[in-house]
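Summary of the model geometry
So the chains spell out like this:
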Amino acid sequence: MAGKDRRAMADVPAGAGSPLESALHRRDSGVIGMVARAVAAGEVMLAYQPVMQARPPHDTGFYEGLIRVLDPTGRVIPARDFITVVEETELGRELDCAALRLGLKALEGNAKLRLSINMSARSIGYKAWRRILERFLARDAHIGERLILEMSEASVMRVPELVADFIDDLRPLGIAFALDDFGSGDIAMRHFRQLLFDAVKIDAQFVRGIDRDADTAMLARALIAMARSLDLAVIAEAVETRGEAETLATLGVDCLQGYLFGAPTVRPPWLKPTNEAAA
Ligand code: G
Ligand code: MN
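Here is a short report on the structure shown in this document.

**Some thoughts on the coordination of the manganese ion (ligand 2)**
Within the protein, E64 (OE), N118 (OD1), E150 (OE) and D180 (OD) serve as the donor atoms for the manganese ion (ligand 2), at 2.1 to 2.4 Å. Going along the chain, you hit the donors of the manganese ion (ligand 2) in the pattern E-x53-N-x31-E-x29-D. On the criterion of sequence distance, the pair formed by E150 in strand β5 (residues 147–152) and D180 in strand β6 (residues 176–182) is long-range, its members being 30 residues apart. There is no split in this pair, since E150 and D180 are both buried.

This is the structure we're talking about:
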């Protein structure tokens, strides 16, 4: 086999200036440009996805607010299409600010709403983020009691000490904290025990097909036991089938989120002009 082919098949990173690298660079700067334009123009919004109680009557426990940007044609672009590209940049901090502002505004406008918002641990210490939180809490000190902040395992592991201080600092405001993508592999047990999260969200890889795969069930059971031993609430994300939901409930998961119950939507029930549920 020619050296060139072997390299392509072995997935070796392309060298500087290679066609692959410049193509990736072009793609990333296109994404960054699109997101930067949307943030500057205020063309960002939250999509809301319900998180249900695992036990009957399966009330909605809270909603997760997921940041979306609008492309120049007004199409809603989901976070997974841009978040990894902007996460490490200033733009990532601005997106976290936008998500917090939109989330607090939604909480302010709907006293019954409980809402989780995603943030990177990289945004801890970002002054604009903190100012937004303080501005809303100054108007209504109780708003924090209905806010949950989600941070991914990967971002938490970069700065565990900062996260610990951040949680200590904000907890008196009534804010709760969830560790996102739990089990995805980045967190060290030592840190996990010391960080005072309220809940974990089990990563989708331990949910997919859990009712049909013994290994997945075994791993999920271990993660749930770990969370339980620290008295954390357990949420399973990306639940798509009834079988998955039933198995997770049997294993003692508290809340379920996923397409089975509702996809993220920019038109949540409380923003609908008529109450369709009551019709
Ligand atoms: O990491 P985090 O939980 O914040 O990301 C949630 C993402 O998962 C969102 O982009 C959301 O659209 C997506 N999502 C939500 N429910 C499901 C689901 O049931 N299946 C899959 N594959 N993705 C989902
Ligand atoms: Mn999340």
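**Thoughts on the nonpolar core**
In terms of nonpolar packing, the biggest core is built from 74 residues, with V35, F82, W129, L149, M151 and V163 touching the most fellow members. When residues in this core are grouped by element, the largest group, nine residues, is from helix α4 (residues 90–109). For M151, the contacting residues outside a window of four places in its chain are M119, A121, I124, V156, V163, F166, F177, A178, L179, D180 and F197. The next biggest cluster of nonpolar side chains, apart from the first, holds eight residues, and it includes I148, A176, A178 and A199.

**Observations concerning the pairing of strand β4 (residues 115–118)**
In summary, the side chains of a regular strand alternate between the two faces of the sheet. Both strand β2 (residues 60–70) and β4 contribute to a ladder of three bridges, which runs parallel. By the bridge assignment for β4, G65 is matched with I117. As paired strands, β4 and β5 are joined by four bridges and run parallel to one another. Paired with L115 across the bridge in β5 is L147.

Cut-off values and rules
- Residues numbered from 1 in each chain as written.
- Chains lettered and ligands numbered in written order.
- Predicted model: local features only at pLDDT ≥ 70, side-chain atom pairs only at ≥ 80, totals over all residues.
- Heavy atoms only, no water.
- Donors = N, O, S within 2.8 Å, 3.2 Å for Na, K, Ca; no water.
- Helix = DSSP H or I, 4+ residues; strand = E, 2+ residues; numbered from the N terminus.
- Buried < 20%, exposed > 50% of the residue type's maximum accessible area, 1.4 Å probe, protein only.
- Core = buried A, V, L, I, M, F, W, Y, C linked by side-chain atoms within 4.5 Å.
- Contact = heavy atoms within 4.5 Å.
- Pairing = 2+ DSSP bridges.

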